[in-house]
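The lines below spell out each chain.
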Amino acid sequence: MLPLDLPGIDVINTSHDGQLFSIHAGCVGRPVGCVYCGSVSIVGHGQNNQEVMDLPHHGKFTCIHLKRKRYKCKDCSSTFFHPLDWINDDHRATTRFVDRIAKVSLDRSFSDIAREYGVHEKTIRNIFYNKYADVIDTTRFESPEYLGIDEINIAGGVRCCITNLSVNAGIEFLPKRTLDTLRPYFHNMPGKENVKAVAMDMWRPYRQITKEFFPHAIIVIDKFHVLKMADMAVDAIRKKVRADCETKRTQLKLKKDRFIMRTRPYNMNELEKLQMAMWRKDFPLLGIAYDVKEEFFRIYDAKDRQEAILRFKTWKSAIPEALKPYWETVFITYENWGDEIFNFFDLVEHSGSKLTNAYTECQNSITRAINSIGRGYSFDALRVKLLLAPKKEGIITSYRSIKRKKQQSDNHTIGFSLATNFNNDYETIQIPERRLVTWGIDLENLEKWLDGQEYKAYPNSMIDMD
Ligand SMILES: [Zn+2]
């Protein structure tokens, strides 16, 4: 007899047909009562032939052909199937089959799994959405003080990720970065009043959404997105210089130019410094471009907003006419986003540089994690997988106002008294409350967690139960 471990049925016979292994079975015994009301007054009500998918046996797709009895309750008039707790009636499959699919669907593409388990891709999709409905619809974390909004390429599209920059945690992944997607998410986000600053790149919907939902938060443009524009301007100049070279021989002198032009002076080794000095002689435009870029980078050395604005103005006016067209994008960006770019300096004054680095760190952690997961997944599967990762927790103290009868000998041991008393008998006091909160996905350990997921490697496509 097969070690089926499926109580309540009796196997009549089994058959093999190509890839398919069929088990023909009927129900044994009789339910003790109505599954709805518990009444013992039940009568047989015919039977149905059901096909229930199970995990592969003997290396073949397995289907249980079950003659399943029906009953009718005389008291509540309900009809019901012979109860079998190992059948998942939503999916017409065994519970162990559904559990396995739910697990592997986080790790491999739906089409892949459909082929491997001999079911339609739609079945995999249904099991996935059913199993993770809670994660998909309702995952909510404590609102951050410093929020990051950024885009990321996941599953064939530009997506949006929301992060908590105070603690390097991931909060949410949205399928798109359009207003239609952002608005409902932020509308439902709890604790919006706690958000003090929002860091972002230069994408108008982010700014609009922040002004709508966090009217008091400072908008800060991520530093590295600003600096990237300078690298791009230099790149364009570099390509022009290269294209203007008369011979291949001259071009050869520009070996590694892209890399060296991007390197900060204090990171250059002796060889690179020598190379740079040579270029200054042979290709003066390159030397100037490098200096202009460096001067631009040094705006971020300013100690406050005022100094940064001054540095920017000085920088802009000192660019040689010949190079100005290459910096046009930067000029326009400062016209459109100048306020938010310079807000960076206010934020650093308030909170130090940790937060501004956190934006990049979060982005890098997520990118590395996505790369380690691999390709071929739906966005939803990736999102659920990320949201199932270990969370970062913390304890916060908040204050709750309560009104109480004034105590004569109040020594304020539990809270501090507010000045406004409504009358002489009552006072309002603030009670501190400590509570454990979940900030979001622990991005600092996300990659490590993904690497440790053992279900990555099923050695062969068939998993045998026997
Ligand atoms: Zn009943």
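Scope of this entry: the structure provided in the associated data block. (Residues numbered from 1 in each chain as written. Predicted model: local features only at pLDDT ≥ 70, side-chain atom pairs only at ≥ 80, totals over all residues. Heavy atoms only, no water.)

**Focus on the pattern of salt bridges**
As a reminder, the rule being used: For salt bridges, the criterion is a side-chain nitrogen of Lys or Arg within 4 Å of an Asp or Glu carboxyl oxygen. A run of H or I in DSSP becomes a helix once it reaches four residues, and a run of E becomes a strand once it reaches two; helices and strands are each numbered from the N terminus. Exposure categories follow from relative accessible area, calculated using a 1.4 Å probe and restricted to protein chains: below 20% of the type maximum is buried, above 50% is exposed, and the middle band is partly exposed.
Under the criterion given, the structure shown has 34 salt bridges. A salt bridge links Arg-258 to Asp-235, with the nearest nitrogen and oxygen atoms 3.7 Å apart. In this pair, Arg-258 sits in helix 9 (residues 257-262) while Asp-235 sits in helix 7 (residues 223-244), placing the two residues 23 residues apart along the sequence. Note that Asp-291 is salt-bridged to Arg-280, the shortest N-O span being 2.8 Å. Here Asp-291, found in helix 11 (residues 284-297), pairs with Arg-280, found in helix 10 (residues 270-282); they are 11 residues apart in sequence, far enough to count as distant. Residue classification places Asp-291 among the partly exposed positions, given a relative accessible area of 35%. By relative accessible area, which is 35% here, Arg-280 ends up partly exposed. Bridged by salt links that share partners, the residues Asp-235, Arg-238, Arg-242, Asp-257, Arg-258 and Arg-262 form one connected network.

**Brief notes about the side chain of Arg-207**
Filter applied, for reference: A 3.5 Å cut-off defines polar contacts: any pair of N or O atoms within that distance qualifies, except that in protein one atom must be a possible hydrogen donor and the other a possible acceptor, and neighbouring residues in sequence count only when both atoms are side-chain atoms. Whether two residues touch is decided by their heavy atoms; if any such pair falls within 4.5 Å, the residues are in contact.
Along the chain, the position of Arg-207 falls in helix 6 (residues 204-213). Engagement of the side chain of Arg-207 in a polar contact is seen with the side chain of Glu-340, the distance being 3.3 Å. Contacts of Arg-207, omitting those with residues within four sequence positions, involve Met-200, Ile-219, Asn-336, Trp-337 and Glu-340.

**What about the coordination of the zinc ion?**
Ideal coordination angles are 109.5 degrees for a metal with four donors arranged tetrahedrally and 90 or 180 degrees for a metal with six donors arranged octahedrally. Test applied: The donor set covers N, O and S atoms within 2.8 Å of the metal, switching to 3.2 Å for Na, K and Ca, and it leaves out water, so a site may look short of donors. Metal sites are grouped by the angles between bound donors: all angles between 85 and 135 degrees with four donors is tetrahedral, opposite donors over 155 degrees apart with the others between 65 and 115 is square planar for four donors and octahedral for six, and any other pattern is irregular.
For the zinc ion, the full set of protein donor atoms is Cys-34 (SG), Cys-37 (SG), Cys-73 (SG) and Cys-76 (SG), at a range of 2.3 to 2.4 Å. One way to put it: the 4 donor atoms around the zinc ion meet at angles of 106 to 118 degrees, and that makes the site tetrahedral. In terms of primary sequence, the donors binding the zinc ion are separated according to C-x2-C-x35-C-x2-C. Pair noted here: Cys-34 is in the loop between strand 2 (20-27) and strand 3 (42-57) and Cys-73 is in strand 4 (residues 60-73), with a separation of 39 residues, a long-range link.

**Some remarks on the pairing of strand 9 (residues 157-164)**
What counts here: DSSP-based pairing: two strands are paired if at least 2 bridges between them are found.
Burial of strand 9 is extensive: 7 of the 8 residues sit out of reach of the surface. Note that strand 8 (residues 146-154) and strand 9 share 8 bridges and pair antiparallel. Within strand 9, the residue paired with Asp-150 across the bridge is Cys-161. Bridge count between strand 9 and strand 10 (residues 169-174): 5 bridges; the pairing is antiparallel. Each residue of the ladder has a partner; that of Cys-161, found in strand 10, is Phe-173.

**Points about the packing of helix 10 against helix 11**
Where we set the bar: Angles here are taken between N-to-C directions and fall from 0 to 180 degrees, while the axes themselves are lines fitted to C-alpha atoms, restricted in helices to the stretch in contact. To sort the angles, those under 35 degrees are grouped as roughly parallel, those over 145 as roughly antiparallel, those from 65 to 115 as roughly perpendicular, and the leftovers as oblique. As a working rule, the residues Ala, Val, Leu, Ile, Met, Phe, Trp, Tyr, Cys and Pro are called nonpolar, Asp, Glu, Lys and Arg charged, and the rest polar, with Gly in that last group.
The geometry of helix 10 relative to helix 11 is characterised by a closest axis approach of 5 Å and an angle of 120 degrees between their N-to-C directions. Viewed along their axes, helix 10 and helix 11 adopt a mutual orientation that is oblique. In contact with Met-276, Trp-279, Arg-280, Lys-281 and Asp-282 of helix 10, helix 11 contributes Pro-284, Leu-286, Gly-287, Tyr-290 and Asp-291. Taken together, the residues of the contact of helix 10 with helix 11 sort by class into 5 nonpolar, 1 polar and 4 charged.

**Some words on helix 15 (residues 379-387)**
Counting buried residues along helix 15, 8 of its 9 residues qualify, which places the element largely inside the surrounding structure. Within helix 15, burial applies to Phe-379, Ala-381, Leu-382, Arg-383, Val-384, Lys-385, Leu-386 and Leu-387.

**Looking at the packing of aromatic side chains**
Quick reminder of the rule: Planes of paired rings set the category: under 30 degrees apart is stacked, over 60 is edge-to-face and the rest tilted, where pairs are Phe, Tyr or Trp rings (Trp by its six-membered ring) whose centres lie within 6.5 Å. Here, over-ring charges are defined by two tests on the NZ atom of lysine or the CZ atom of arginine: distance to the ring centre within 6 Å, and angle to the ring normal within 35 degrees.
Under the definition given, this model contains 21 aromatic pairs. Summarising the aromatic geometry, the rings of Phe-186 and Phe-214 are spaced 5.6 Å apart at their centres and angled 85 degrees between planes, so their arrangement reads as edge-to-face. Highlighted residues: Phe-186 in helix 5 (residues 179-188) and Phe-214 in the loop between helix 6 and strand 12 (218-221), separated in sequence by 28 residues. Side by side, Phe-186 and Phe-214 carry an identical accessibility label, which is buried. An aromatic cluster is present here, built from Phe-296, Phe-312, Trp-315, Trp-327, Phe-331, Tyr-334 and Phe-342 joined pairwise through their rings. One residue, Arg-177, lies across the ring of Trp-203, its end atom 3.5 Å from the ring centre. Of note, Lys-293 hangs over the ring of Phe-297, and the distance from its end group to the ring centre comes to 5.3 Å.

**A word on the environment of Asp-180**
Checked against the element boundaries, Asp-180 lands in helix 5. Sequence separation between Asp-180 and Gly-118 is 62 residues; the distance between their C-alpha atoms is 38 Å.

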